[in-house]
Amino acid sequence: MTIGELRHVALRTWIEETASLCGPADIRLCDGSQAEYDELCSRLIVTGTFRPLSRDKKPHSFYACSDPGDVARVEDRTFICSKTREAAGPTNNWADPDEMKRILRGLFSGAMRGRTMYVVPYSMGPVGGPLSKIGVEITDSAYVVANMHIMTRVGNPVLEALGDVGDFVPCLHSVGKPVLPGQPNIPWPCDADRKYIVHFPEERSIWSYGSGYGGNALLGKKCFALRIATSMARDQGWLAEHMLILGITNPEGRKKYVAAAFPSACGKTNLAMLIPTIPGWKVETVGDDIAWMRFGKDGRLYAINPEAGFFGVAPGTSQSSNPNAMASLARDSIFTNCALTPDGDVWWEGIGTPIPPGSLDWQGAIYDPASGKPAAHPNARFTAPAMACPCIDPEWENPEGVPISAILFGGRRAGVVPLVHEAYSWPHGVFMGSIVASETTAAAAGALGRLRRDPFAMLPFCGYNMGDYFGHWLDVGATPGAILPKFFYVNWFRKGKDGKFLWPGYGENSRILKWVFERCDARGDEGAVETPLGLVPARESLDVSGLTIDAPVLDELLSVDRDAWLAELPGIGEYYNSFGEHLPAGLRAELDKLGERLGSKG
Ligand code: SAT
Ligand code: MN
């Protein structure tokens, strides 16, 4: 189909206007076919963006190195341009929408000269599903289109579902590097010093300029499925969340679904694909990053994974830490900022084997182990198709979603937060989500290992005032007739005085999932002990059979450090103050109750 043949007038008009603004050499409407994907990959080989990996090692897979100035999401260059600053709230960068449009029009003007402008219709969620939504990304990056092919459902079926008048989110992207006459094309074009990742929540559109990397450029992911979707979800009474979704089956064959929110690069992919160490239990994956959830007719909360692939952190992924991820990326995948071995395979720190001599590092130079630098960038990523995952859940593409029994929150915390605790109620669970704090990772540009509040793991991803977002969560829990999931807070990352992790993590986390599963069926506080923070496992109800863990270590893991929590309260109070009158009274009440349970005087 050509642009002129498009029956959707608003779409056609937007494409034509964009073309006249950006001035590309040609326009291509993407059909989503395998032939199209293969052609894109061939083009990317010509520009030096892709190197094909060895057919014996990783069939039909490609290796890409980014510009060193374009390696992660850039939160300080991410903007929420609602009409008022207040609507964006204190946790977002706000800019006046008209002013921002002026800046963007300037940047986009002629930005695609000498390049192909790709028009990519895509669906977040199974095409045509009741919880799914459509976006159209216009981009001048073939690398982005190839990734979109894996991460979303693209092409003709989406255009059909869109029909003549369907709603879509316009997502405009340029790497900001026109190819001028006589200039060679470069492998990773970008405009590293002038990035703008901009959202217009009222208009429900996205403009992204200057970066080709991950969430900055694959606009279906964080920009649409989280920032724009949160604002849709608030208006339409559903939830768009930074959560994995997994199914867990007990030895009797009963199954429950769990959603879990963790900040970027805190092990969501590993948890979603976990292989239980406890006999007879099974975990299957619905999604590893994003959940869209709404109540079904039966009153239960149903979730879909809007994505179709995994954009996972490579370093640390190995046959022992996550064999299911390793199988998912065994073929048909794209690797960005990993190391390249002389025999045409990829390598990264923590892959479980030593780096072969003569490998190239993530910037394409021969790797020198004596340099002390990692060979793969810490935020190196694999883009792999979800359906290749051996533990993908049979229901993962059910357009109606899967019913959620429990919601987990977690982050990286060396101290203070116990291994697991359960909320006393829905509002208490929302309180827990609102105070998530985590040590920062390489997923975003900036300092590492700094503790920051990351409520619901949504700090960089909420498209409106975070105080109102908390209020939305409280409202959702008050839905008449709702059968509410239970909330839990987990922390695999607690460390002892020697600085070593106290809990083995990975497959052993199934022990915590088992307790969560059983708590979903339990009456009252069966299997649990009340603490000021919430319910922690009764010692005999946490299955540690076959695990060598000393009793004092387990005590420490499950302990509630009253003094440390008393010391946390003023910080939470101050944090809450930052939301002014947008902070729901219900959360302040939960903070007061926690203070009372801890026996604080103030
Ligand atoms: O680059 S992404 O935003 O897609 C990855 C992440 O931060 O989780
Ligand atoms: Mn994420």
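A.B. asks: Explain the packing of helix H2 (residues 34-46) against helix H5 (residues 142-151) to me, please; I cannot follow it from the model alone.
C.D. replies: Axis angle and axis distance: for two packed helices, these are the angle between their axes and the distance between the axes, and together they describe the pair. Look at H2 against H5: their axes get within 9 Å of each other, and the N-to-C directions meet at 145°. For the pair H2 and H5, the crossing hand works out as left-handed. Contact residues: Glu36, Tyr37, Leu40 and Leu44 in H2; Ala142, Tyr143, Val145, Ala146, His149 and Ile150 in H5.

A.B. asks: Looking at this structure, how should I read the layout of surface pockets?
C.D. replies: Sizing a probe to match a water molecule and rolling it over the atoms shows the empty space that remains. The space that makes up the largest pocket amounts to roughly 780 Å³. Lining the largest pocket are 45 residues, with Ala265, Cys266, Gly267, Lys268 and Asn270 positioned closest to its centre. Mapped onto the lining of the largest pocket, the elements with two or more residues apiece are helix H7 (214-217), helix H8 (220-236), helix H9 (268-272) and strand E18 (309-313). In terms of residue count, H9 provides more of the lining of the largest pocket than any other element does, four residues in total. Among the residues making up the lining of the largest pocket, the classes are represented as 20 nonpolar, 17 polar and eight charged.

A.B. asks: Got a minute to help me understand the site of ligand 1 in this structure?
C.D. replies: Neighbouring residues of ligand 1: Arg73, Gly214, Gly215, Lys221, Lys222, Ser264, Phe311, Arg381 and Ala443. Arg73 is positioned such that a nitrogen or oxygen atom in its side chain is 2.7 Å from an oxygen atom of ligand 1. Take Lys222: an N or O atom from its side chain is 3.1 Å from an oxygen atom of ligand 1. Here ligand 1 loses 98% of its free accessible area of 250 Å² to cover by the protein chains.

A.B. asks: Can you walk me through the sheet that holds E18 in this structure?
C.D. replies: If you trace the five strands from one edge of the open sheet to the other, you get E2-E3-E19-E22-E18, paired in mixed fashion. Sheet topology places strand E2 (51-52) and E18 at the edges, where each strand pairs with a single neighbour. Where E18 meets strand E22 (residues 381-385), five bridges bridge the pair, whose relative direction is antiparallel. The residue bridging Phe311 from the neighbouring strand is Thr383, located in E22.

A.B. asks: Would you take a moment to explain the domain arrangement of the chain for this structure?
C.D. replies: Interfaces are often described in size by the accessible area the parts lose on coming together. By domain assignment, the chain separates into domain 1 (3-30 + 73-236), domain 2 (241-305 + 396-599) and domain 3 (309-388). Each of domain 1 and domain 2 has a C-alpha centre, and the two are 32 Å apart. In this assembly, 33 residues from domain 1 lie in contact with 31 residues from domain 2. Between domain 1 and domain 2, a total of about 2800 Å² is buried, with carbon and sulfur atoms accounting for 56% of that surface. For the domain 1 face of the interface with domain 2, the top three residues by lost area are Arg73, Leu131 and Leu226, together amounting to 24%. Our count for the domain 1 to domain 2 interface comes out at four salt bridges. Where domain 1 touches domain 2, the interface holds 17 residue pairs in polar contact (both at pLDDT 80 or more). Every element with two or more residues in the side of domain 1 that touches domain 2 is listed here: helix H3 (85-88) and H8. Its residues placed into classes, the side of domain 1 that touches domain 2 shows 15 nonpolar, nine polar and nine charged.

Criteria and cut-off values
- Residues numbered from 1 in each chain as written.
- Chains lettered and ligands numbered in written order.
- Predicted model: local features only at pLDDT ≥ 70, side-chain atom pairs only at ≥ 80, totals over all residues.
- Heavy atoms only, no water.
- Axes fitted to C-alpha atoms, helices over the stretch in contact; angles between N-to-C directions.
- Helix = DSSP H or I, 4+ residues; strand = E, 2+ residues; numbered from the N terminus.
- Left-handed = near helix turned anticlockwise from the far one by under 90°.
- Contact = heavy atoms within 4.5 Å.
- 1 Å grid on protein atoms, 1.4 Å probe; cavity = no way out; pocket = protein on both sides within 12 Å on 5 of 7 lines; lining within 4 Å.
- Points joined across faces, edges and corners; volume = space filled by probe spheres on them.
- Nonpolar A, V, L, I, M, F, W, Y, C, P; charged D, E, K, R; others polar.
- Near = heavy atom within 4 Å.
- Polar contact = N/O pair within 3.5 Å; in protein donor to acceptor, adjacent residues only side chain to side chain.
- Areas by Shrake-Rupley, 256 points an atom, 1.4 Å probe, with all protein chains shown as cover.
- Pairing = 2+ DSSP bridges.
- Domains from an automatic or database assignment.
- Buried area = accessible area lost by both parts, 1.4 Å probe.
- Salt bridge = Lys/Arg side-chain N within 4 Å of Asp/Glu carboxyl O.

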